[in-house]
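Coordinates in review
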Amino acid sequence: MTSTAAIHIGSYAPADASPNTGSSVTVIQAPTKESLPNCLSNMKSEALSSISIHLQYDELLTHYDSLALASLVPYLIPNGSISVHVVMSAANGAASNNNKTSMDWGIIMTSFVL
């Protein structure tokens, strides 16, 4: 049976942190940028149908490693998928809309090109 890994980078914590006992999702913490490439090292190769990466918007540049994404691919089954979820808090969203600041999303796009 294949399962899903949810990698929580940095300080990311889901709003609904209650465990889902019927789920085959393995939640893994990667507290630093340097911990991302090896965070799945305890899993077997080709064991996951998907890998979902979650991090806070304001930690994107300091905690996300575009090169580390390639090190996660061997853990996927053939035709498996990887997704990256950048979560913006309500406070940051309001600030960004008021200041008209923009994020360089190239770091995410680069990781998929590599």
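No experiment lies behind these values; they were computed from the predicted model shown. Along every chain, residues carry numbers that run from 1 in the direction the sequence is written. Side-chain atom pairs in this predicted model are given and counted only at pLDDT of 80 or more, local residue features only at pLDDT of at least 70, and totals for whole chains, interfaces and linings cover all residues. Computation of side-chain values: all heavy atoms of the structure, hydrogens and water removed.

1. Re the pairing of strand S1 (residues 3-9)
In this scheme, a residue with accessible area under 20% of its type's maximum is buried, one over 50% is exposed, and one in between is partly exposed, where area comes from a 1.4 Å probe on protein chains only. Secondary structure elements are defined from DSSP: runs of H or I of at least 4 residues count as helices, runs of E of at least 2 residues count as strands, and each element is numbered from the N terminus. Burial analysis of S1 places seven of its seven residues in the buried class, which makes it a mostly covered element. Going residue by residue along S1, you find Ser-3, Ala-5, Ile-7 and Ile-9 tucked away on one face and Thr-4, Ala-6 and His-8 tucked away on the opposite face as well. For S1 and strand S3 (residues 48-56), the ladder comprises six bridges, and the chain directions are parallel. The partner of Ile-7 across the bridge, within S3, is Ile-53. A pair of strands is considered paired only if DSSP assigns at least 2 bridges between the two. With six bridges connecting them, S1 and strand S2 (residues 25-30) associate as parallel partners. Across the sheet, residue Ala-5 finds its bridge partner in S2, namely Thr-26.

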